[in-house]
Amino acid sequence: MPRSLAALPRLYVEPDLATGIPLTLGKEQSLYLAAVLRKSVGEEVVLFNGRDGAWRARMTSDSKRSVSLELVDQIAVQPAPSDLWYGFAPLKSERLDYVIQKAVEMGVGTIQPVLTQFTQVSRLKHERLVANAIEAAEQCEVLNVPVVAPEITLSALLESWPTDRRLILADEGAASASPVERLTQLAGEKLGILIGPEGGFSDVERTRLLGLPYVVPISLGPRILRADTAAVAALTVIQATIGDWR
Ligand code: SAH
């Protein structure tokens, strides 16, 4: 994307985006554009909705309560959504925000909080997770905002797991090894990745997971990584070997 466009503010909106459709922003986004960024009539922003690609839009009013815009042209077509499923044991507050944002930046298609025995939190504010995912997409020029699923217990997840999808397990108990060769064998398959909580998987959970035919355990090296580090490490090695970095 040319630098000139990359410098424009990017906003996620709900309505359809097509030539000639006038669009009025809600209070929060209007305040952000007109007051925080001090944008005024005639200035441009980039809008996306997860369906119609990215559109350049020009402000036709700069009211702090309701900015209106006209759509100028489509500057990026909507890419195919990612099929990479990302499951993780939710962490506390700001580290949870971090993990959500990194999953978006790393191109996952579904974000699934999984409650395991040692998971530190049990109640999640779903709308906060969604807001974090949208903010990450706005900041990183991601046009597909991942689906953020409601939390599920590990047992319920495994009972409903689609058997045509491999579940890559970041297994802290695995002997240290590079996961590259094992991942390369999964090229072209439907994939999920599961990261455990700070306390790791319980012995019962790990034994159950390792006994499942669709589970592919991988090591993330000789050191025990914190759960948020493991999330980025696992997504990096997957995207780099069999994901969308090729
Ligand atoms: N029981 C340890 C492990 C927790 S690390 C502890 O309490 O610190 C949190 C999660 O990150 C693990 O469940 C695993 O999914 C992942 N992880 C961390 N280090 C890893 C490694 N070296 N190999 C594979 N997965 C790892």
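Per chain, residue numbering runs from 1 following the sequence as it is written. Thresholds applied to this predicted model are a pLDDT of at least 70 for local features of residues and 80 or more for the giving and counting of side-chain atom pairs; totals over whole chains, interfaces and linings are not thresholded and use all residues. Excluded from the side-chain calculations are hydrogens and water; all other atoms, namely the structure's heavy atoms, are used.

Q: So what exactly am I meant to see when it comes to the site of the ligand here?
A: Working definition: residue near molecule or strand if any one of its non-hydrogen atoms lies within 4 Å of it. Among the 19 residues in the neighbourhood of the ligand, the closest are listed as Ala170, Glu198, Leu220, Arg223 and Leu225. Polar contacts, as used here, are pairs of N or O atoms within 3.5 Å; protein pairs need one atom able to donate a hydrogen and one able to accept it. Residues neighboring in sequence count only if both atoms are side-chain atoms. Between the ligand and leucine 225 there is a distance of 2.9 Å, counted from a nitrogen atom to a backbone nitrogen or oxygen. Surface accessibility follows the Shrake-Rupley procedure with a 1.4 Å probe radius. Residue values consider only the protein chains on display as shielding. When the ligand sits alone it has 550 Å² of accessible area, and the protein chains cover 85% of it. Under the grouping applied here, Gly and all other residues not named as nonpolar or charged are polar, the nonpolar ones being Ala, Val, Leu, Ile, Met, Phe, Trp, Tyr, Cys and Pro and the charged ones Asp, Glu, Lys and Arg. For the shell around the ligand, a count of residues per class yields 10 nonpolar, five polar and four charged.

Q: Whenever I open this one, the sheet that holds strand E4 (residues 54-61) confuses me. Can you help?
A: Working definition: the strands of a sheet are paired by backbone hydrogen bonds and lie parallel or antiparallel to each other. For two strands to pair, DSSP has to find at least two bridges joining them. Helix numbering and strand numbering both begin at the N terminus, where a helix is a DSSP run of H or I of at least 4 residues and a strand a DSSP run of E of at least 2. Taken in spatial order, the five strands make up an open sheet running E1-E3-E4-E5-E2, and their pairing is mixed. This sheet does not close on itself; its edge strands, each paired only once, are strand E1 (10-12) and strand E2 (22-24). Mean inter-strand twist for the sheet, computed between neighbouring axes without regard to direction, equals 40 degrees. The sheet contact formed by E2 and strand E5 (residues 68-76) spans three bridges and is antiparallel. Geometry is summarised by axes, namely lines fitted to C-alpha atoms with helices restricted to the contacting stretch, and by angles between N-to-C directions that run from 0 to 180 degrees.

Q: Would you mind showing me how to read the packing of aromatic side chains here?
A: Geometrically, a pair of aromatic rings is defined through the distance of the ring centres and the angle of the planes. Two rings belonging to Phe, Tyr or Trp (six-membered ring only in the last case) form a pair when the distance between their centres is within 6.5 Å. Interplanar angles under 30 degrees mark stacking, angles over 60 mark edge-to-face geometry, and anything in between is tilted. A full pass over the atoms with the stated rule returns four aromatic pairs. Aromatic side chains tyrosine 12 and phenylalanine 48 sit 5.5 Å apart centroid to centroid with 65 degrees between the ring planes, which places their arrangement in the edge-to-face category. Placement of the pair is tyrosine 12 in strand E1 and phenylalanine 48 in strand E3 (residues 44-48), with a sequence separation of 36 residues. Each member of the pair, tyrosine 12 as well as phenylalanine 48, carries the same accessibility label: buried. Arranged with centres 4.7 Å apart and planes meeting at 85 degrees, the rings of tryptophan 85 and tryptophan 161 form a pair that is edge-to-face. In this pair, tryptophan 85 is assigned in strand E6 (residues 85-88) and tryptophan 161 in the loop between helix H5 (154-159) and strand E10 (165-170), connecting sequence segments 76 residues apart. For the pair tryptophan 85 and tryptophan 161, a shared accessibility class is recorded, and that class is buried. Ring pairs connect the aromatic residues Trp85, Trp161 and Tyr214, which therefore count as one cluster. Three exposure classes are used, based on accessible area relative to the maximum for each residue type with a 1.4 Å probe and protein chains only: buried under 20%, partly exposed in between, and exposed over 50%.

Q: Got a minute to help me understand the environment of arginine 128 in this structure?
A: Mapped onto the secondary structure, arginine 128 falls in helix H4 (residues 126-139). It is 13 Å that separates the C-alpha atoms of arginine 128 and valine 99, two residues lying 29 residues apart in sequence. Those residues in contact with arginine 128 that sit more than four places away from it in its chain are Ser93, Glu94 and Asp97. Residues are treated as being in contact if the distance between any of their heavy atoms lies within 4.5 Å.

Q: In this structure, what is going on with the side chain of aspartate 171? I would like to understand it.
A: Among the structural elements, aspartate 171 can be located in the loop between E10 and helix H6 (180-184). Judged by relative accessible area, which is 6%, aspartate 171 ranks as buried. In terms of polar contacts, aspartate 171 uses its side chain to reach the side chain of arginine 206, at 2.5 Å.

Q: Just to check I follow, could you spell out the packing of helix H3 (residues 93-105) against H4 for this structure?
A: Between two packed helices, the angle of one axis relative to the other and the distance separating the axes together describe the packing. At a minimum axis separation of 8 Å, H3 and H4 run at an interaxial angle of 45 degrees. Between H3 and H4, the angle is such that the two are oblique. As H3 runs across H4, the sense of the crossing is right-handed. Only Arg128, Leu129, Asn132, Ala133, Glu135, Ala136, Ala137 and Gln139 of H4 make contact with H3, whose side of the interface consists of Ser93, Glu94, Leu96, Asp97, Ile100, Gln101 and Val104. Looking at side-chain class alone, the contact of H3 with H4 contains seven nonpolar, four polar and four charged residues. Our angle categories are set so that under 35 degrees counts as roughly parallel, over 145 as roughly antiparallel, 65 to 115 as roughly perpendicular, and the remainder as oblique. Note on convention: near helix rotated counterclockwise from far helix by under a right angle means a left-handed crossing. Clockwise means right-handed.

Q: Explanation requested: helix H2 (residues 27-36) in the structure shown.
A: Because each turn of an α-helix spans 3.6 residues, side chains separated by three or four positions in sequence point in the same direction. Taken residue by residue, H2 has Ser30, Leu33 and Ala34 as its buried positions. Buried positions in H2, seen along its axis, are confined to an arc of 80 degrees and lie on one side of it. Seen from the buried face of H2, the exposed residues on the opposite side, beyond 90 degrees, are Glu28 and Val36. Those residues of H2 that are buried are in contact with E1, E3 and E4. Read the arc as the range of directions from the helix axis to the C-beta atoms.

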